[in-house]
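# Results of the structural survey
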Amino acid sequence: MTTHYLVLSALLFAIGAVGVLVRRNAIVVFMCVELMLNACNLAFVTFARQHGNLDGQIIAFFVMVVAAAEVVIGLAIIVMIFRTRRSASVDDANLLKY
Amino acid sequence: MPWLSTLMAVPVLGAVGVSLVKSDKLAKQLALAISLVVLVLTGVLAAQFNPTSGTRFQFAEVYDWIPRFGVHYGVGVDGIALVLIALSVVLVPIVILASWHDADGTGANAPPKRSVKTYFALLLVLEAMMIGVFASTDVFLFYVFFEAMLIPMYFMIGSYGGAQRSYAAVKFLLYSLFGGLLMLVAVIALYVIAEKGTFMFPELIGAIQDPTTQKWLFAGFFIAFAVKAPLWPFHTWLPDAAAQAPAGAAVLLVGVLDKVGTYGMLRFCLELFPDASKFFTPLVIVLSVVGIIYGAIVAIGQTDIKRLIAYTSISHFGFIAMGVFAMTANAGAGATLYMVNHGFSTGSLFLIAGFLIYRRGSSQIADYGGVQKVAPVLAGTFLIAGLSSLSLPGLSSFVSEFMVLIGTYEIHPVPAIIATTGVILAAVYVLWMYQRMMTGPTAESVKLFPDLDIREKWVVAPLIAVIIAVGFFPKPLLDVINPAVDKTLSTVQVDQFTPAVADKKGAGQ
Amino acid sequence: MQSPVEIIPHSSGVVGVSWLMIVLPLLGAAILLLSGRRTDRWGHFLGVAMVLASFVVAVASFVELLGLPEDQRRMGVALYQFIPGMADMGLLIDPLSISFALLITGVGSLIHIYSIGYMSHDPDRRRFFAYLNLFVAAMLLLVLADNYVALFIGWEGVGLASYLLIGFWQHKPSAAAAAKKAFIVNRVGDFGLLIAIFTIWTTFGSVAFAKVFPLAGEASNGTMTAVGLLLLLGACGKSAQLPLQSWLLDAMEGPTPVSALIHAATMVTAGVYLIVRSGAFFEVAPTAQLVVTIVGVATLLAGAIIGSAKDDIKKGLAGSTMSQIGYMMLAAGIGPAGYAFAIAHLITHGFFKANLFLGAGSVMHGMNDEVDMRRYGGLFPVMRITAITFIIGYLAIIGFPLLSGYFTKDGIIETAMEHNQILGWLAVLGAGLTGFYMSRMVFMTFFGKKRWADDAHPHESPAVMTVPLILLSIGSIFLGAFLILGNRFMKFLAPAVGLPEELPVFHFGSTAGLATLALVAVGAVFAWFRYGAADVPEVAPRGSFLTTFARRDLYGDALNETLLMRPGQWLTRFAVFFDNRGVDGLVNGLAATIGGTSGRLRRIQTGYVRSYALSILFGAAVVVGALLYVGNM
């Protein structure tokens, strides 16, 4: 049965989403985003097994590649912001408003 | 020879040339030379024009532009278009000469220095577009020119204008775009509903028969033209734009660009939607009469010269629109002649006001007084321009105002009588302005005013000469205008009036 | 009634070039205005030469006209097409127009010559002569035109010239205001004339005299009454008749020769000309005729009352002009019986009023431009020529027997008496008032004690000013008898305006004539006791209510101010406010609404990543929910 995998995936996604919404530390937010991506990966793989083809697994690889690229750029931005503003809190980086 | 395309190409190429030359002085001289070449070419074209020939649009050129939608590059002129093109090409060299130092940043009260070359290049581009808009015989091409004209004017107001220039420029642009977009919808609908597969104007005449459709399409065109003209109550952009624009640009804005509105009413509204035009006639005449009186009254209360002149123009545009929609031969010809005459009389008023402002650095009427004593020629020319604006007989505006009023009186006596009270109000606003600025004891601030110099005299002299010549001898212009107006009115199929007491020897002279 | 003869096209002889009459002074004006300071030294001679040349052409045309049989004495001279299909430029040379042309150019020439001396110290004398020439040209176009449109061009040209001349001393705010007032009040009249022309055009399909007058009888009575009343409105503006009289007294701000030109030869006579010329319309509209006579009588009394209280010599004369033009209007309103008297009085008035005004100018010239008669007195011995010519003019205007005014004014009064007793007796009363105010003027100026200002050294004016005075006074003596006796002028005018059924016979000593003389004598004697025998105080006493009433121009200005100017100012202020706040307010309000809405919506962009994330989540939830809902349907 694949239902349990899907429930786990949904739970992980929800945890990640709540983390993005409530945490202020940019690193933690970032990790929560990764959690959501991996929850999606789990769902994809589950569906690949359920349907008996490899499409989902291929997509999961794509997601991993994108996630890796994202980590590189995202961490770089976070480091830059930390250097200039001495803070890693997302609430402090609110210049792009109005 | 493709005369009209040449007329447009010369100033465009000239504009490129002007923006490429090194020195500002050379740029100005080149711009003046180019505009004079265009003037001469137009003269040659006008000499070849045959007002009584059976061909309606002469010097016609038609090429496919977007074949899939039946869009053409179609140009050609009839009498109405010809006199308006003539007005444009006469005004442009005068404006160039008058704006000689406007962007220099020299002089005690001059605006700061800005790019001289750009200014004169924009003027030439605008000239090409003005010729194009009047010469278009393709409705889509007309629309393109109609909107494209906004661009050079936007920059001339926005970059070279007075203190509130950006407010005025944006207001001008948004207002005109609003009207223009309504017209775009109507243009597309016209194409789709007519099912002729073409945008060529002569083929679209009579294509829309359904009365309701006519009314909607008429509204689309008319609102665009009413904003452009501008007709009351769509007028408030004009005083701002005209007051903030440099004097030369204001001349072209009020003298020519706004004429596109009234020209469009005469050409497109009347001929494409004759039944709707007749349906809306009472409304338009009421708006015109309100505009005539309202513009004059508000003009009386102005404290700024340029705003005052702008409001007088709103009053005059009322006369023109009334003449167009009276749909009689006299009123139509008078309205067309008025478009030309108004360009000259208001143009000279704006230019001379510009000379005054250049000397004093203020456009407030209260800052002047007794100018006549120190600069009699300046005051004298200002008075002649003003008198033309109040349509004194013997000066050009009188002929056209008289024809509009008498033509309107033929079938709509009451509006004509109300509009005639405008002549009294015109005397009040012109003479009171003159009294406040030119007479009385000489104000301290104008004691050192120099009189007109040679350049300025060359600017004013041709305008005054035209004003007086047309005032006493309007026949050459009317001979060109009359057949074209008659043709337009025959398309609309209106009954001309007959005198109450018929002359046994045949009516009329 | 013998009706006017038909207009015959004509192109040869002097009449064929009669347009030179208009063009010469116009050319003079153009040269003088364009040449600038270069012509300052001799410009005034050019101005005089041009108007004299115009006079020569007028005389030659007159002689040629006299040489023709009576039924050919209306000549149309076509010039060029003006507005194709509507109006052509053309002249009409007939007894009526040539009489005016002779008066305008003749008296005009004398005024020009006089001005050489009067304006000799003015730095702008050249410009002054340019305007004078323009004035003469415009007035000639007005009277010579053969259609209403060309007439209107001259009509407004006269208005322009008067504007320029009244405001000649522009540096004086009062002069500038007076000039503007004259033009605007005239424009009110022009409004009437314009509508009249429109109505004539729509009724007859033409504006040419030759076309419309023969058809006048066929138009409906209502139309013709309307045309008549509208023409009267125009005439009231130009001729300063009630209710458009207010500009005339202010017009005294111009140099004195201008007043002479406006009052004697041009401008104010235009209204009378218009009424007489349009006689064909008035004769089929009795109501309009009645209104014309009423306006005439009201104005002749009003002018006389105003003239009686003025201490300013020029304003006194201005009141008298109003009054005399009132007589002409009265006669013009009576019909063919009155036309000849109206025009004859107009011509003799042209002479004696020019005489009086130029005489007043001569007095002012010698008195440092003092105009207050209370500072004159006892001037007879020091300026004898001026005084004698002025007194001749005075005797002519009050209708002293056998002088010009006696014949023409008496003719009007008698005709009015036959037409309507009430109007006739009111006209007699006006004559009595004339006797009073003119006597008052003469006594205060030339007789009694010297009340001069300390620095005044009165002296006789130079010959260039006195010779025109002498010539004018000769006209003031003899012209009336020449024109009226034997109905000479009436018969001369007949081809243009027609003849009444029975010709009037001038007899000395009719009831009305004797009554007039008696009243004039009473007025003069009363004036002698008040202003000749008694001392005149140098500061005007407060006077009775009636005096104040007259001094304030019968409250005409006050009335205009309360009824028109104040409401006009309020209306203007309201309109400007409405335009800025109402119309433009609506536009800017729309813009502000859009701006305000976007300003509020913008606040959603807080800059907090987490709130963005929340809205994304919320959006995603909505989309998923919607998909599920649609999928289950």
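Residues numbered from 1 in each chain as written. Chains lettered and ligands numbered in written order. Predicted model: local features only at pLDDT ≥ 70, side-chain atom pairs only at ≥ 80, totals over all residues.

### Looking at the interface of chain C and chain B
Contacts between the two partners involve 47 residues from chain C and, on the opposite side, 48 residues from chain B. The dominant element in the side of chain C that touches chain B, judged by the number of residues it contributes, is helix 7 (residues 173-204) of chain C, at 17 residues. Looking at the side of chain C that touches chain B, its residues break down into 26 nonpolar, eleven polar and ten charged. (Contact = placed C-beta atoms within 7 Å. Helix = DSSP H or I, 4+ residues; strand = E, 2+ residues; numbered from the N terminus. Nonpolar A, V, L, I, M, F, W, Y, C, P; charged D, E, K, R; others polar.)

### Digging into the packing of helix 4 (residues 116-135) of chain B against helix 5 (residues 139-148) of chain B
Residue and element names in this part refer to chain B. For the pair helix 4 and helix 5, the least separation of the axes is 8 Å and the interaxial angle reads 150°. Classed by the angle they form, the pair helix 4 and helix 5 counts as roughly antiparallel. The element helix 4 and its partner helix 5 pack so that their crossing is left-handed. For the pair formed by helix 4 and helix 5, the contact residues are Met 129, Gly 132 and Val 133 on the first element and Phe 142, Phe 145, Phe 146 and Ala 148 on the second. Classifying every residue of the contact of helix 4 with helix 5 by side-chain character gives six nonpolar, one polar and no charged. (Axes fitted to C-alpha atoms, helices over the stretch in contact; angles between N-to-C directions. Parallel < 35°, antiparallel > 145°, perpendicular 65-115°, else oblique. Left-handed = near helix turned anticlockwise from the far one by under 90°.)

### As for the sheet that holds strand 1 (residues 8-9) of chain C
Residues and elements named next belong to chain C. One open sheet accounts for three strands, arranged 1-2-3; its pairing is mixed. Strand pairing shows two members of the sheet lacking a second neighbour, strand 1 and strand 3 (87-93), which therefore form its edges. Taken together, the seven bridges between strand 2 (residues 75-83) and strand 3 define a ladder with antiparallel strand orientation. Following the sheet pairing, Tyr 80 is matched in strand 3 by Met 89. (Pairing = 2+ DSSP bridges.)

### Brief notes about unusual backbone geometry
Across the junction of B:Ala229 and B:Pro230, the peptide omega takes the value -15°, indicating a cis bond. You can see B:Pro230 is positioned in the loop between helix 9 (211-228) and helix 10 (237-244). Within the chain, A:Arg86 stands out as a residue other than glycine whose phi angle is a positive 55°. Positionally, A:Arg86 belongs in the segment after helix 3 (55-85). On the neighbour-count criterion, A:Arg86 (8 C-beta atoms within 10 Å) is exposed. (Buried ≥ 20, exposed ≤ 12 C-beta atoms within 10 Å, placed from the backbone.)

### Let's talk about the UniProt feature "domain: NADH-Ubiquinone oxidoreductase (complex I) chain 5 N-terminal" (unreviewed entry) in chain C
Per the UniProt record, "domain: NADH-Ubiquinone oxidoreductase (complex I) chain 5 N-terminal" (unreviewed entry) is found at residues 88-129 of chain C. For residues 88-129 of chain C, the helix share is 69%, the strand share is 14%, and the end-to-end C-alpha distance is 30 Å. (UniProt positions renumbered as here; feature names shortened; annotations may be inferred.)

### Structural notes on the pairing of strand 2 of chain C
Residues and elements named next belong to chain C. Here strand 1 runs beside strand 2; their pairing, made up of two bridges, is parallel. Counted as the bridge partner of Pro 9 is Gly 76 from strand 2. What sits between the antiparallel neighbours strand 2 and strand 3 is a turn of three residues, in which Gly 85 has the positive phi angle 85°.

### Considerations on the interface of chain C and chain A
Taken together, the contact pairs ten residues of chain C with ten residues of chain A. Sort the elements by how many residues they give to the side of chain C that touches chain A and helix 25 (residues 609-632) of chain C lands first, with five residues.

### Concerning the nonpolar core
Among the nonpolar cores identified, the biggest contains 435 residues, and C:Phe135, C:Leu140, C:Ile197, C:Ala354, C:Ala427 and C:Leu493 are the most heavily contacted of them. Looking at which element gives the most residues to this core, the answer is helix 7 of chain C, with 19 residues. Apart from the residues within four sequence positions on either side, C:Ala354 is in contact with C:Val107, C:Leu110, C:Ile111, C:Ala260, C:Ala264, C:Ala265 and C:Leu472. Core analysis: the next-biggest nonpolar cluster, separate from the first, contains seven residues, A:Ala26, A:Val29, A:Phe30 and A:Cys32 among them. (Core = buried A, V, L, I, M, F, W, Y, C linked by C-beta atoms within 7 Å.)

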